[in-house]
Amino acid sequence: MRVDLGANMETTWPVLTVLTFLPLIGVVFLLLIRGDEEVVVRNSRNVALWVSSFTFLISLLIFWHFDPTVSGYQFEDRGEWLSRDGIGYHMGVDGISMPFVVLSAFLTPLAILASWHSVKFRMREYMIAFLVLETLMIGTFCALDMVMFYLFFEAVLIPMFLIIGIWGGARRVYASFKFFLYTLFGSVLMLVAMLVMYGEAGTTNIPQLAAYAFDPSVQTWLFLAFFASFAVKVPMWPVHTWLPDAHVEAPTAGSMILAGILLKMGGYGFLRFSLPMFPDASLYFAPLVFTLSVIAVIYTSLVALAQSDMKKLIAYSSVAHMGFVTVGIFTMTEQGIAGAMFQMISHGLVSAALFFAVGVVYDRLHTREISAYGGVADAMPRYAVFFMFMMLASVGLPGTSGFVGEFLVLVGAWQASTWLAFFTATGLVLGATYMLWLYRRVVFGKAEKAEVIGLKPMNSREIFIFMPLTILVLYYGVFPTGLLDLMQPAILNVIDQVTGVATADASIGGAN
Amino acid sequence: MISAIVFLPLLGAIGAGIFSLTNNDKGGFIVSISAMVLSMLLGWYGFLFMAIPGQDVTVPLTTWISSGGFHVDWALRYDALTAVMVIVVTTVSTMVHIYSVGYMSHDNAKPRFMAYLSLFTFAMLMLVTADNLVQMFFGWEGVGVASYLLIGFWYHRESAHTAAMKAFVVNRVGDFGFALGIFGVFALTGSIQLDEIFAATPNLVGTNIEFLGMSLPALEVVGILLFIGAMGKSAQLGLHTWLPDAMEGPTPVSALIHAATMVTAGVFMVCRLSPMLEFAPFTLEFITIVGALTAIFAATIGFTQFDIKRVIAYSTCSQLGYMFFAAGVSAYPAAMFHLTTHAFFKALLFLGAGSVIHAMSDEQDMRNMGGIWKKIPVTYAMMWIGSLALAGVPFFAGYYSKDMILESAWAQHGATGQFAFYMGVLAAFLTAFYSWRLLIMTFHGKPRASEEVMSHIHESPMVMLFPLFVLAVGAIFSGSMLFDLFVGEQWKDFWRSSIMILPEHTAMENAHHVPKLVKFAPLIVGVLGIGLAYLFYLVMPGMPAKMARLFRPIHALFFNKWYVDELYDAIFVKPAVVLGRMFWTKGDMGTIDAYGPDGVTSLVGRFSAFCSRLQTGYVFHYAFAMLIGVVALITWYARGFGG
């Protein structure tokens, strides 16, 4: 599956490896910073921002050279690591992982910029955590070896756990504990499943595993084990309750990354593992996934309506939006999966922006209670515009990226079952209800409280963070084809693997 | 040129939006109005020199969404149906833009207002030029958002942003149906492009699909679903509740969006889809019945209300009902005809009402008006013209279009057509009655406003009166001038392929040959209604109160809008909130958390101790220790496993 361009890049420099571990070089620099407190704070912010921005540039370079007409992996990069056992260092991206790699590299500098003044202590460690997190996120999406994937995927927990547990709000310990417990539960089962797969197929290479035909009865168990891990990450109902708590306690930047990238790892996992490796089980369990997803859409939308905390409301909305994603993936139609992918990218941008929007006013009034606001539009007109735009993108207004994903998912859903389309589409109405309700209570109305009247307008740093997010959401709402075309070959691959169950070639080559 | 018509208002909106950052009122006015005027001139040019000679064009722009067989283009379609909508939208919009210069003169966010108006116009033009259902949906939701922004324009007012949200959410219920309809159409025909759908439709007659566990005729299912979208946007019975509340927006908004253009989008959609709906007889009957019921239902509420704008709003709702039942009996040209004339006279009425409200220091309650006709004679005359047209008095615009609708309903010779006819005649009586009730209560009798208000009453400035004159010309002449073209002798040559009517649906042809009584019925009831209004409100002013007492339960039902809002509140809104709270406290916290993570409470103590220790040391030490530990563990384990 090696392509010219990928091979070409490979001979010059292992670009994905560089991309993945570049942030760690920043960490080294951060460790070397000496001086008094103020110097350390200033320098560590700058180093983190520069390193993550540079990482983003490299990711753009890769994106630029990515050939959207090719269905296989590109920029492949192999190394020796336990290779005699069929485990290898193997990196590569295809149309499914490429957008996530860029998204991770894009959101990290914005998250760092978002914490410019809001982090009050241990700035150096905070920035280290974010750079390590970036390495792990990019690694998760680039890894083409199951063991590597597992390491990256699980290790992501550690910096995020620390970010919430140390720089979080009042109940941060409870939240990070809950976060850890849930994900640990899933990961243990996934590890066991991976060992079984290794024992069976004799390799941990993801492309080879995808081509290996597991016995349908084994598939069922493997599917469930992976499902436990991915469902928690997405999160799907009823294993979603860690998310609202984690979001509420996490610092703004933590929420941006959590909602923007971490949740997508679950969806990515379904597309990378569950569907291609366990096609029979995926078909078998699709109705279960649909049921859970529809419950997620309706149940969490209603719960979002009952919230009085801004972040909690948006967190619950994330669960509902990710419900669309799981519906789309398991329709196993081209539109459904493309829609799910698009929805994940779009939600990555929109939810990051929404959590940042909460952070902007939180930095000023230090409360997330919706009732503490009202009439913010007077003091912060530009904020009202950005927030409005993102709110509309979140409810899937045509012309924003949110629409494309939701609509394609529903096109796929109708083909799977009209019931599914009907119940999922209720999210269109419910989503509008809670988002408009939130916006109304925060931004509209007459500002009566002295603190709200005296709110400082957005500064240029804050506008600078909103700007690229807004432009992308609009751009991908009007011209989504570029991204859809880029994903298409890889999506068709996945569908082939599911539908071609009967004719799958069981033979696999040796490791490397 | 078509692109210019559509995108000029967008440029105007962006321009005005930029000027709103610097609060540059003049800049905002100039850029938005000049873009609109240009767009309007091009629109008329297109109507006269392209649509009438029969020149249809489709301007492809670029691909929008493409995934497998699901392919959506950005493309502008221009045919007779679009051309009519374009002149209606651009003309009324331009007038409203100009009028707003005067009406909003005391507001401190003028450029923002103009930006929203232009944005609305852009979205509306995207809707009417849509070449496929998804682009129509784009315009559809776009006008919804613009409407939301404009209703909530005075966002300080609780009632304004409540109404704005209600409008958006109720419209979303309709859009829910619309969206499902689009998915259904795609599943059936493999396309969302209009021509391809229409080409595939005749083959689908007799095809059934599985919908929510039932096997139903495919075309009827998608037809009804799409029509639910139209019901939301056009405020038809059941999804009408947002329209009266939408009167919270500034009056020019009501004229543009909630009278002349956006609310007629549903009628346009039904006409646009005529090549499909013609093969869905049940859907057509459903449309007829919903339209007829809305016509009468809204009229019964209209004649009991006291807020001048709400009366006109219910009147709009009722007139939209006429348009729908016309479309339902396959008299699409009649529906489009009434849509056009209605746009002029209803916008005139709204802007006239705005002029009254402006004169009376923002008073909207007709009980606090009266005796002001001498002080604002021009406005008074304009309101007369609007009311004459609305009531269907001969030679005014509404006379031609309403008669045509009622005649074609009769001429359908079916049960639903008959039902629609009788409902329509009854509603025509009420229309005439409430129109004159409005005129008399507002302008005649003894002044009921305070001295203070009375002393300030002044005629509106020229910038507000000029648009009234233009619309008045439309309200007087549009009926007689467009009659032949739209529904008279030339209708087939004019609409051509933009509207498709099956040969066996003969309402249009037969409408011109109906009994005399049918022909004169609307006129007779119109005169009766006007006469009764004079009797009740001028000759015997005590009568209305007496009648209200006499028929107390019925009056209460009408006055309280048939309690629909209360009903919805009880069955949708309240349960949703209660359920949400219950799911949260009982579901998430009470069940999932209680038996899940919190159940493992014994861990908490140790864990928090661990956490507090973390905070005293160097974080990265621990992070790395954990990372390395995991790597080591896996490596060791994997080696052991592998051999």
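Within each chain, residues carry numbers counting from 1 in the order of the written sequence. Each chain gets a letter, beginning with A, and each ligand a number, beginning with 1, in the order they are written. Side-chain atom pairs in this predicted model are given and counted only at pLDDT of 80 or more, local residue features only at pLDDT of at least 70, and totals for whole chains, interfaces and linings cover all residues. The basis for the side-chain values is all heavy atoms of the structure; hydrogens and waters are excluded.

(A) Seen up close, the overall build of chain A. Looking only at helices and strands, chain A features 22 helices and 2 strands. Radius of gyration here uses only the C-alpha atoms, and the compact-globule reference equals 2.2 Å multiplied by the residue count raised to the power 0.38. By the compact-globule yardstick of 24 Å for 512 residues, chain A fits well, its C-alpha radius of gyration being 22 Å. For the C-alpha atoms alone, the extent of chain A along its principal axes is close to 70 × 60 × 40 Å. Remark: exposure states derive from per-residue accessible area (1.4 Å probe, protein chains only) relative to the maximum for the residue type, with buried under 20%, exposed over 50%, and partly exposed in between. Counting the 512 residues in chain A, one finds 71% classified as buried. Taking contacts inside chain A between residues at least 6 apart in sequence as the whole, the part at least 24 apart equals 82%. All accessibility values rest on the Shrake-Rupley procedure with a 1.4 Å probe; residue burial counts only the protein chains present in the view. For chain A, the accessible surface area stands at approximately 15200 Å², while carbon and sulfur atoms represent 66% of it. Numbering goes from the N terminus for both helices and strands, where a helix is a DSSP run of H or I of at least four residues and a strand is a run of E of at least two. Residue contacts are defined here by distance: any two heavy atoms, one from each residue, within 4.5 Å place the two residues in contact.

(B) Summary view of the overall build of chain B. A count of helices and strands for chain B gives 28 helices and 4 strands. Taking 26 Å as the expected radius of gyration for a compact globule of 643 residues, we find that chain B reaches 28 Å, a close match to that expectation. Projected onto its principal axes, the C-alpha coordinates of chain B cover approximately 100 × 65 × 55 Å. Per-residue burial over chain B gives 61% buried out of 643 residues. Counting only contacts in chain B whose residues sit at least 6 apart along the sequence, the fraction spanning at least 24 positions is 80%. On chain B, roughly 22900 Å² of surface is accessible, and the fraction owed to carbon and sulfur atoms is 69%. Charge assignment in this entry is limited to Lys and Arg as positive and Asp and Glu as negative, and neither His nor the chain termini are counted. A charged residue contributes its charge at one atom only: NZ of Lys, CZ of Arg, CG of Asp or CD of Glu. Charged side chains in chain B number 33 positive and 37 negative. The centres of these two groups are separated by 10 Å.

(C) Main features of the packing of aromatic side chains. Only Phe, Tyr and Trp rings are paired, with Trp represented by its six-membered ring, and only when their centres lie within 6.5 Å; those with planes under 30 degrees apart are stacked, over 60 edge-to-face, the remainder tilted. All told, the structure shown has 81 aromatic pairs over all chains when counted by the stated rule. When the ring of Trp419 of chain A is compared with that of Phe423 of chain A, the centres are 5.9 Å apart and the planes differ by 10°; the resulting orientation is stacked. With Trp419 of chain A and Phe423 of chain A both in helix H19 (residues 418–442) and 4 residues apart, the pair spans about one turn of that helix. Residue Phe423 of chain A is classed as partly exposed on the basis of its relative accessible area of 31%. Ring centres of Trp410 of chain B and Phe421 of chain B lie 5.1 Å apart, and the angle between their planes is 70°; on these two criteria the pair is classed as edge-to-face. Of this pair, Trp410 of chain B sits in helix H17 (residues 397–411) while Phe421 of chain B sits in helix H18 (residues 415–443), placing them 11 residues apart in sequence. The class for Phe421 of chain B is buried, based on a relative accessible area of 4%. Lysine NZ or arginine CZ positioned within 6 Å of the ring centre and within 35 degrees of the ring normal marks a charge as sitting over the ring. Between Arg45 of chain A and the ring centre of Trp116 of chain A, over which it is positioned, the NZ or CZ distance is 4.9 Å. Against the face of Phe306 of chain B rests Arg367 of chain B, its NZ or CZ located 4.0 Å from the ring centre.

(D) Structural detail: the interface of chain A and chain B. Facing the 90 residues of chain A at the interface are 80 residues of chain B. By definition, the buried area sums, over both parts, the 1.4 Å-probe accessible area that each loses when the two are put together. Between chain A and chain B, roughly 7700 Å² of surface is buried when both sides are summed, and carbon and sulfur atoms account for 76% of that area. Ranking the residues of chain A by area buried against chain B places Phe407, Trp414 and Arg440 of chain A at the top, with a combined share of 9%. The salt bridge partner of Glu158 of chain B is Arg440 of chain A, with a shortest N-O separation of 3.3 Å. Within 3.5 Å is the distance limit for a polar contact, defined as a pair of N or O atoms, with the added protein rule that one can donate a hydrogen and the other accept it, and that residues adjacent in sequence qualify only through two side-chain atoms. Counting across the interface, chain A meets chain B through 15 residue pairs in polar contact (both at pLDDT 80 or more). Take the side of chain A that touches chain B: its biggest share by element is 14 residues, from H19 of chain A. Per-class residue counts for the side of chain A that touches chain B are 60 nonpolar, 17 polar and 13 charged. Only one rule defines a salt bridge in this text: a Lys or Arg side-chain nitrogen within 4 Å of an Asp or Glu carboxyl oxygen. Lys, Arg, Asp and Glu make up the charged group, whereas Ala, Val, Leu, Ile, Met, Phe, Trp, Tyr, Cys and Pro make up the nonpolar group; the residues left over, Gly among them, are polar.

(E) How the structure looks around the packing of helix H12 (residues 252–277) of chain A against helix H15 (residues 334–365) of chain A. Residue and element names in this part refer to chain A. Angles run from 0 to 180 degrees between N-to-C directions of axes, and those axes are lines fitted to C-alpha atoms, restricted for helices to the stretch in contact. Here H12 crosses H15 at 165°, and the two axes come no closer than 7 Å. One way to sum up the angle between H12 and H15 is to call them roughly antiparallel. With respect to the hand of their crossing, H12 and H15 are arranged in right-handed fashion. Here Thr252, Ser255, Met256, Ala259, Gly260, Leu263, Lys264, Gly267, Tyr268, Leu271 and Leu275 of H12 lie close against H15, whose contacting residues are Ile337, Met341, Met344, His347, Gly348, Ser351, Ala352, Phe355, Phe356 and Gly359. Per-class residue counts for the contact of H12 with H15 are 12 nonpolar, 8 polar and 1 charged. Put simply, angles under 35 degrees are roughly parallel, angles over 145 are roughly antiparallel, angles from 65 to 115 are roughly perpendicular, and the rest are oblique. Put simply, a crossing is left-handed when the front helix is turned counterclockwise from the back one by less than a right angle, and right-handed when it is turned clockwise.

(F) Structural context of helix H7 (residues 157–167) of chain A. The buried count for H7 of chain A comes to 11 of 11 residues, which makes it a mostly enclosed element. Those residues of H7 of chain A lying buried are Leu157, Ile158, Pro159, Met160, Phe161, Leu162, Ile163, Ile164, Gly165, Ile166 and Trp167 of chain A.

(G) Layout of the side chain of Ser401 of chain A. Residue and element names in this part refer to chain A. Of note, Ser401 is situated in helix H18 (residues 401–416). The buried category is assigned to Ser401, whose relative accessible area is 1%. Contact partners of Ser401, with chain neighbours within four places excluded, come to Phe342, Ser346, Val350, Val473, Tyr476 and Gly477.

(H) Expanded view of the pairing of strand S1 (residues 57–67) of chain B. Residues and elements named next belong to chain B. If DSSP finds at least two bridges between two strands, the strands pair. When S1 meets strand S2 (residues 70–78), the two strands line up antiparallel, connected through 9 bridges. Each bridged residue has a counterpart across the sheet, and for Ser66 the counterpart in S2 is His71. A loop of 2 residues connects S1 with S2, the two strands running antiparallel in sequence, and Gly68 in this loop sits at a positive phi of about 60°.

(I) Spatial organisation of the pattern of salt bridges. Residue and element names in this part refer to chain B. Under the counting rule described, the total for this entry stands at 20 salt bridges over all chains. For the salt bridge of Arg496 with Asp56, the shortest nitrogen-to-oxygen distance reads 2.8 Å. Highlighted residues: Arg496 in the loop between helix H21 (491–495) and helix H22 (507–510) and Asp56 in the loop between helix H2 (25–51) and S1, separated in sequence by 440 residues. The partner of Asp195 in a salt bridge is Arg77, and the shortest N-O contact between them spans 3.1 Å. Of this pair, Asp195 sits in helix H7 (residues 194–200) while Arg77 sits in strand S2, and the two are 118 residues apart along the sequence. Judged by its relative accessible area of 41%, Asp195 falls in the partly exposed class. According to the relative accessible area criterion, Arg77 is buried, its value standing at 10%. Connected through shared salt-bridge partners, Arg77, Asp79, Asp131, Asp195 and Arg272 make up one network.

(J) A look at helix H16 (residues 377–391) of chain B. Residue and element names in this part refer to chain B. Over its 15 residues, H16 extends 21 Å from the first C-alpha to the last, a length consistent with the 21 Å expected when each residue adds 1.5 Å. Where burial is concerned, most of H16 is hidden: 11 out of the 15 residues are buried. The set of residues buried in H16 consists of Thr379, Tyr380, Met382, Met383, Ile385, Gly386, Ser387, Leu388, Ala389, Leu390 and Ala391. Downstream of H16 by a residue or two, Gly392 has a phi angle that is positive, lying close to 80°. Here a helix's expected span is defined as the number of its residues, less one, multiplied by 1.5 Å.

(K) Representation of unusual backbone geometry. Across the junction of Val234 of chain A and Pro235 of chain A, the peptide omega takes the value -15°, indicating a cis bond. Residue position: Pro235 of chain A is located in the loop between helix H10 (216–233) and helix H11 (242–249). Across the junction of Trp237 of chain A and Pro238 of chain A, the peptide omega takes the value 5°, indicating a cis bond. Take Pro238 of chain A: it is sitting in the loop between H10 and H11. In this model, Phe395 of chain B sits at a positive phi of 75°, which is unusual for a non-glycine residue. Tracing the sequence through the fold places Phe395 of chain B in the loop between H16 and H17.

(L) View of a nonpolar patch on the surface. Residues and elements named next belong to chain B. For patch detection, residues must exceed 30% relative accessible area and be free of salt bridges, and they are connected within 9 Å for like charges or within 5 Å for nonpolar side chains (Val, Leu, Ile, Met, Phe, Trp, Tyr). On the surface, Met1, Trp44, Tyr45, Leu48, Phe49 and Ile52 cluster together into a nonpolar patch covering about 550 Å² of accessible area. Relative to the assigned elements, Tyr45 resides in helix H2. Given a relative accessible area of 43%, Tyr45 falls into the partly exposed group.

(M) Focus on the confidence of the model for chain B. For chain B, per-residue confidence averages 87 on the pLDDT scale, and residues scoring 70 or more make up 92% of the total. Overall fold confidence (pTM) sits at 0.90, and the ipTM for the predicted complex is 0.89. Values of pLDDT, ranging from 0 to 100, describe the predictor's confidence in every residue of the model.

(N) How the structure looks around the environment of Phe477 of chain B. Relative to the assigned elements, Phe477 of chain B resides in helix H20 (residues 462–486). With 133 residues separating them along the chain, Phe477 of chain B and Phe344 of chain B place their C-alpha atoms 10.0 Å apart.

(O) Geometry of the confidence of the model for chain A. Residues and elements named next belong to chain A. In the predicted model, chain A carries a mean pLDDT of 87, and the fraction of residues at 70 or more is 94%. Confidence scores differ between elements of chain A, with helix H1 (residues 4–12) showing the lowest mean pLDDT of 46 and helix H4 (residues 98–114) the highest of 94. Overall, residues 1–11 carries pLDDT values under 50, and its contacts beyond four positions in sequence, including any with other chains, amount to 21 contacts. In this model, residues 502–512 is a region of pLDDT below 50 whose contacts with residues beyond four sequence positions or in other chains number 16 contacts.

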